[in-house]
Structure formats: structure tokens, C-alpha cells
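# Observations on the model geometry
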Amino acid sequence: MWVLFGITIIVAALFYLGGYVDVNAEYPEPIFTEQLMWLMYAFVAIAALLVLVAAIANIAMDFRKNPKSAIKSICGVGALILVMIISYCVSSGDAVNVLGLEEEVSTDTLKMVDMQLYTIYVLLVVGIILMICSNFAKKLK
């Protein structure tokens, strides 16, 4: 974890202190923008892999000890998949005008981005509600 933290500090310093591609542009772009984006892609991939491995390990351990607990874990994963499917169905594939973007973005890509945003919003709200409810549940016990 300290290695990832160190890499993040280095890439952030390069991004913010490394200068710009064209200083006189209307919207100057930092030189190390692509490196920062690749670092974020790597972090998302690492997080997704760790969550997947942890979920599989948790379900396997729970199934041996308590099958009902394993079924609850599987239901949690199913609920997440259901939220993602509903978010994809609700999302729109309408074109977006992005300043400086000359290429067309496909409808599937736009729907996928919308799905991810909606899923993040739902999970954020659910997380906040669960934090508040767990605080009250602890006080009631």
C-alpha cells in the first residue's frame, strides 16, 4: 500500500508541477495527464480484482461454516448486478458535446459511462444510509 501511495504522490507531483503541453492554449493540458489517467485505470483494476477475490474467498469460507451466510453474500453480489442492469437500462446514449473532443463516442460507451455513474450514485446513497442506520443500531443494542 505504501508503494501505491508513493507512486500516487510522484504522479500527482508530475501532473501538477510538470508544466503544460501548450501554455498559451485556451484550456492548458498538463504534460502528465495520460500518466495520471493510466494510474487511475490501474487503481480501478487492482480494486476490482481485490474485491472479486475477497468476495469469492468470503463466500467460500462462509459456505463451509454457515451456508445461510454464504447465501446472503451471494444475494449482495446479485443485488449489485441488479443495480448495474437497472442503471444500464435507465442510462441514455445521447451524444455529449465535449470541448476539444473531435472524435465521435459510441452509444454503447456513453451508456456504459452513464451506468457507472448511476451505480456510483446509488451505492453512495446506500452506503450513507447504512452508515447512519448502523450507528443507530449500535446505540439501540
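One can find the structure itself at the top, above this paragraph.
Report follows, based on the coordinates. Small disclaimer: the values here were computed from a predicted structure and weren't measured.

Reading guide: rules and limits
- Residues numbered from 1 in each chain as written.
- Predicted model: local features only at pLDDT ≥ 70, side-chain atom pairs only at ≥ 80, totals over all residues.
- Heavy atoms only, no water.
- Phe/Tyr/Trp six-rings, centres within 6.5 Å; stacked < 30°, edge-to-face > 60°.
- Helix = DSSP H or I, 4+ residues; strand = E, 2+ residues; numbered from the N terminus.
- Lys NZ or Arg CZ within 6 Å of the ring centre and 35° of its normal.
- Buried < 20%, exposed > 50% of the residue type's maximum accessible area, 1.4 Å probe, protein only.
- Lys, Arg positive; Asp, Glu negative; His and termini not counted.
- Salt bridge = Lys/Arg side-chain N within 4 Å of Asp/Glu carboxyl O.
- Contact = heavy atoms within 4.5 Å.
- Polar contact = N/O pair within 3.5 Å; in protein donor to acceptor, adjacent residues only side chain to side chain.
- Disulfide = S-S within 2.5 Å.
- Patch = residues over 30% accessible without salt bridge, like charges linked within 9 Å, V, L, I, M, F, W, Y side chains within 5 Å.
- Areas by Shrake-Rupley, 256 points an atom, 1.4 Å probe, with all protein chains shown as cover.
- Axes fitted to C-alpha atoms, helices over the stretch in contact; angles between N-to-C directions.
- Parallel < 35°, antiparallel > 145°, perpendicular 65-115°, else oblique.
- Left-handed = near helix turned anticlockwise from the far one by under 90°.
- Nonpolar A, V, L, I, M, F, W, Y, C, P; charged D, E, K, R; others polar.

### Brief notes about the packing of aromatic side chains
Each pair of aromatic rings is reported with the distance of its centres and the angle of its planes. On inspection of all chains with the given rule, the structure shows four aromatic pairs. Note on F15 and Y16: the rings are 5.0 Å apart at their centroids and 85° apart in plane angle, and the pair reads as edge-to-face. Centre to centre, the rings of W38 and Y41 are 5.5 Å apart; their planes meet at 85°, and the pair counts as edge-to-face. Linking W38 with Y41, this pair stays in helix α2 (residues 33–65), spanning three residues, or about one helical turn. Over the face of the ring belonging to Y88 we find K111, whose NZ or CZ atom lies 4.9 Å from the ring centre.

### Details of the side chain of K111
Mapped onto the elements, K111 comes out in helix α4 (residues 107–140). D114 is the oppositely charged side chain nearest to the buried, salt-bridge-free K111, at an N-O distance of 7.4 Å. Those residues in contact with K111 that lie beyond four places of it in its chain are Y88, C89, S91, S92 and G93.

### Section: the environment of S91
Along the polypeptide, S91 turns up in the loop between α3 (67–90) and α4. Measuring from C-alpha to C-alpha, the distance between S91 and Q116 comes to 9.3 Å, with 25 residues separating the pair along the chain. Beyond its immediate chain neighbours, meaning those up to four positions away, S91 contacts K111, D114, M115 and Y118. In terms of polar contacts, S91 uses its side chain to reach the backbone carbonyl oxygen of Y88, at 2.8 Å.

### What to know about the state of the cysteines
If you walk through the whole model with that rule in mind, you get zero disulfides. C133 supplies the cysteine sulfur nearest to C75, a cysteine that is in no disulfide, at a spacing of 20 Å. Assessed through its relative accessible area of 42%, C133 is described here as partly exposed.

### Overview of a nonpolar patch on the surface
Judged by side-chain polarity, L82, I86, V90, V113, L117, Y118, I120 and Y121 come together as a nonpolar surface patch covering roughly 740 Å² of accessible area. Of all the elements in the fold, those that place two or more residues in the nonpolar patch are α3 and α4. In terms of residue count, the dominant contributor to the nonpolar patch is α4 (five residues). Tracing the backbone through its elements, the reader meets V113 in helix α4. V113 sits in the partly exposed class, given a relative accessible area of 40%.

### Some details on the side chain of D114
Secondary-structure assignment places D114 in helix α4. With residues near it in sequence (within four places) discarded, D114 still touches S91 and S92.

### Section: the packing of helix α1 (residues 2–17) against α2
Interaxial distance between α1 and α2 falls to 9 Å at its minimum, and their mutual angle equals 155°. One finds that α1 runs roughly antiparallel with respect to α2. Of the two possible hands of crossing, α1 and α2 adopt the one that is left-handed. Touching L4, I7, T8, V11 and F15 of α1 are T33, Q35, L36, L39, F43 and I46, all from α2. Residues belonging to the contact of α1 with α2 are distributed by class as follows: eight nonpolar, three polar and no charged.

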